[in-house]
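Close look at the chain arrangement
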Amino acid sequence: MAINDKMTGTDAVTVDNYIGGTWVAPAAGRRLSSINPARRNEVVGFAPDSDLNDLNQAVSAANEARRAWRKMTGAQRGALLFKAADLLESRMEEIGRAMTREMGKTLPEAKGETARGAAILRYYAGEGMRPVGDVIPSTDAEALMYTTRVPLGVVGVISPWNFPVAIPVWKMAPALIYGNTVVWKPAAETSVTAALVMACFAEAGFPAGVVNMVIGDGPVIGQGIAEHSGIHGVTFTGSNAVGKKVGQTVLARGAKYQLEMGGKNPIIVAADADLDLAVDATISGGLRSTGQKCTATSRVIVVRDVYETFKTKLLEKVGSLRVGDGLRPETWLGPCASEKQYDTVRRYIRQGTEEGAVLLTGGETPNDPDLQDGFFVTPAVFDRVAPSMTIAREEIFGPVLALIEASDLGEAIELANDTDYGLSASLYTRDLRNVLTFVDELDAGLVRVNAETAGVELQAPFGGMKNSSSHSREQGQAAIEFYTSVKTVFIKP
């Protein structure tokens, strides 16, 4: 069985792998616990602690299914994606609650992410009817020359815990519509959510072996996917350290890989900005989902003329944010997703003060007695942050904002580019000249004007520069570039 009960109460559930069209217990019988970060003693579920035997079984099933799946038309594959979308949407409440209980984001955010997953499935279902090649003039008058696209084969999907629905769906949906089969390794921390998503694919009627899920430890299953000769492409979202290791492993055996990794995303506030809007964008972009987004605002670079006014407005609004259990309607900011992430955030906050930054507010465990058992941190705002400080250079992945003062827009752009990352960046201004300069000079894969750094529309290409990615792009029609190979055809009677 996928799960042993509906996710309507607080009892722990048991989930299995999904391999070859069947729910399968782990071969070795070992289980991992998924913990509620709002109440560390509450177990949400028990998931497989899979080994390479489980992975090999999934890869074998995917390879057996891929030839028949490839021969289906795009319309036929798209019809199944439409069914999965309907199922995902109909279970938004259940999946959203599981997500909130497993990784802490608020229920409205979790339900919104689930709705986004359904929208992504519908978008790619439609891609099954789009052209996949071009006719090319030949120098031979009797010949026909054209291009078409062919699937890679079996795609390994390694997805993180922070967006346990949207990210795996935006990887699996294009892989499937373009004729690939999938072996998915979700994050063990959100294994119950993953099983509920996989159940939608299973019940939609995908043929056995087309979509498989294997849950387990990253160094075992994730690295196993990277090393497996039966997997022809690997798409990964996660940390830089793990992503680079995955990329090097896949490259060494000649397969295709795609990496989306970290960010140290800046928002620039120009002297002519609407400060109220800029403050709202800084808070939403930097602190929603407890700052646990790769596109989250981390560095707040403010031009000197408006620095003090902006800071005052920011502190006033940050101080009003309600920290708590994501299932409570009054909660704006949930817990860190795990004890490990909580410890990491607290360490960076200590390091910030040790290096001379001024902690203006937050960075503490809330006083509320009901929150002492969870991984809660009040949102932190640092002042007098130098560009060389650790909190200005390393990805924290938590509710921490670093205020950096710039003399003018030119210096602000230089500061924004002074990072190993290049994922997302935002500018608030009313001046078109500022906009054009920012768009031209900012080294990031996603630049936004008068909008927060976090988020991208599903129909648009998404990816980073520098150490934020492998320079590939996900989502939108750009996804076809990774999940297929171009085949040039020359036919002469």
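Residues numbered from 1 in each chain as written. Predicted model: local features only at pLDDT ≥ 70, side-chain atom pairs only at ≥ 80, totals over all residues. Heavy atoms only, no water.

Along the backbone of the protein chain there are 14 helices and 22 strands. In terms of overall dimensions, the protein chain has a C-alpha envelope of 75 × 65 × 40 Å along the principal axes. Of all 493 residues assigned to the protein chain, the portion counted as buried reaches 58%. Restricting the contact set of the protein chain to residue pairs at least 6 apart, pairs at least 24 apart contribute 72%. Taking the average place of the 49 positive charges on the side chains of the protein chain and the average place of its 58 negative ones, the gap between the two points comes to 5 Å. (Helix = DSSP H or I, 4+ residues; strand = E, 2+ residues; numbered from the N terminus. Buried < 20%, exposed > 50% of the residue type's maximum accessible area, 1.4 Å probe, protein only. Contact = heavy atoms within 4.5 Å. Lys, Arg positive; Asp, Glu negative; His and termini not counted. Charge placed at Lys NZ, Arg CZ, Asp CG, Glu CD.)

What follows covers the sheet that holds strand 5 (residues 39-48). Read from one edge to the other, the open sheet built from 3 strands follows the order 1-5-4, with strand pairing classed as mixed. For this open sheet the edge positions go to strand 1 (13-14) and strand 4 (31-36), each flanked by a neighbour on one side alone. Sheet topology places strand 4 next to strand 5; 6 bridges connect them, and they run antiparallel. For Asn36, the partnering residue across the bridge sits in strand 5 and is Arg39. (Pairing = 2+ DSSP bridges.)

Another point: the side chain of Asn63. As for its placement among the helices and strands, Asn63 is situated in helix 1 (residues 52-71). Apart from residues no more than four positions distant in its own chain, Asn63 is found in contact with Val154, Gly230 and His232.

Another aspect to go through is the pattern of salt bridges. This structure, assessed with the given rule, holds 24 salt bridges. With its nearest N and O atoms 2.7 Å apart, the salt bridge here joins Arg31 to Asp16. Taken together, the residues Arg31 in strand 4 and Asp16 in the loop between strand 1 and strand 2 (17-19) connect sequence positions 15 residues apart. For Arg31, a relative accessible area of 31% puts it in the partly exposed group. We classify Asp16 as buried; its relative accessible area is 10%. Note that Arg149 is salt-bridged to Glu481, the shortest N-O span being 3.0 Å. Note that Arg149 is positioned in strand 7 (residues 144-151) and Glu481 in helix 14 (residues 480-483), a separation of 332 residues in sequence. By sharing partners, the salt bridges in this structure join Arg39, Glu42, Arg101 and Asp325 into a single network. (Salt bridge = Lys/Arg side-chain N within 4 Å of Asp/Glu carboxyl O.)

We now examine the environment of Pro266. The residue Pro266 is located in strand 13 (residues 265-269) in this model. For Pro266, a relative accessible area of 4% gives the class buried. Setting aside residues no more than four positions away along its own chain, Pro266 makes contact with Arg299, Ile301, Ala416, Ser424, Ala425, Ser426 and Thr453.

The sheet contact formed by strand 1 and strand 5 spans 2 bridges and is parallel. Bridge pairing in strand 5 places Val13 opposite Gly45.

We now examine the sheet that holds strand 19 (residues 424-428). Read across the sheet, 7 strands follow the order 15-16-17-14-13-19-20 without closing on themselves; strand pairing throughout is mixed. Unpaired on one side and paired on the other, strand 15 (358-361) and strand 20 (446-449) mark the two borders of the sheet. Recorded for the sheet is a direction-independent mean angle of 25 degrees between the axes of neighbouring strands. In the sheet, strand 14 (residues 297-303) pairs with strand 17 (residues 400-406) via 5 bridges, with the strands oriented parallel. Looking at the pairing, Val302 lines up with Glu405 of strand 17. Across the sheet, helix 10 (residues 307-318) lies against strand 13, strand 14, strand 15, strand 16 (380-383) and strand 17, angled at about 170 degrees from strand 17, the strand it touches most. (Axes fitted to C-alpha atoms, helices over the stretch in contact; angles between N-to-C directions.)

Taken as a whole, this structure holds 0 disulfides when the rule is applied. Among the cysteines around Cys294, which has no disulfide bond, Cys336 carries the closest sulfur, lying 17 Å off. (Disulfide = S-S within 2.5 Å.)

Packed helix pairs are specified by the crossing angle of their axes together with the interaxial distance, meaning the distance between the axes. Between helix 3 (residues 92-103) and helix 4 (residues 107-127), whose axes approach to 8 Å, the crossing angle comes to 125 degrees. The angle between helix 3 and helix 4 falls in the class oblique. Once helix 3 is placed against helix 4, the crossing between them reads as right-handed. Every residue of helix 4 that contacts helix 3 at Met92, Glu93, Ile95, Gly96, Arg97, Met99 and Thr100 is listed here: Leu107, Ala110, Lys111, Glu113, Thr114 and Ala115. (Parallel < 35°, antiparallel > 145°, perpendicular 65-115°, else oblique. Left-handed = near helix turned anticlockwise from the far one by under 90°.)

What follows concerns the nonpolar core. In terms of nonpolar packing, the biggest core is built from 69 residues, with Leu81, Leu121, Tyr124, Leu176, Trp184, Phe201 and Phe206 touching the most fellow members. Setting aside chain neighbours within four positions, we find Leu81 in contact with Leu121, Tyr124, Ala125, Ala173, Leu176, Ile177, Phe201 and Phe206. Ile301, Ala380, Leu409 and Phe438 belong to the second-largest nonpolar core, a separate cluster that totals 32 residues. (Core = buried A, V, L, I, M, F, W, Y, C linked by side-chain atoms within 4.5 Å.)

The grouping of Asp408, Glu414, Asp440 and Glu441 at the surface amounts to a negative patch. Assignment of secondary structure puts Asp408 in the loop between strand 17 and helix 12 (409-417). Note on Asp408: relative accessible area 39%, which makes it partly exposed. (Patch = residues over 30% accessible without salt bridge, like charges linked within 9 Å, V, L, I, M, F, W, Y side chains within 5 Å. Areas by Shrake-Rupley, 256 points an atom, 1.4 Å probe, with all protein chains shown as cover.)

Time to look at the environment of Gly29. By the element assignment, Gly29 lies in the loop between strand 3 (22-24) and strand 4. Assessed through its relative accessible area of 53%, Gly29 is described here as exposed. Between the alpha carbons of Gly29 and Asp305 there is a distance of 63 Å; along the sequence they are 276 residues apart.

Here Lys105 shows up in the loop between helix 3 and helix 4. On the accessibility criterion, Lys105 (2% relative accessible area) is buried. Engagement of the side chain of Lys105 in a polar contact is seen with the side chain of Glu113, the distance being 2.6 Å. Once residues lying within four places of it in the same chain are set aside, the contact partners of Lys105 are Met99, Thr100, Ala110, Glu113, Asn162, Phe163, Ser289 and Gly326. (Polar contact = N/O pair within 3.5 Å; in protein donor to acceptor, adjacent residues only side chain to side chain.)

Fair warning: the whole summary comes from geometry, so function is off the table for now.
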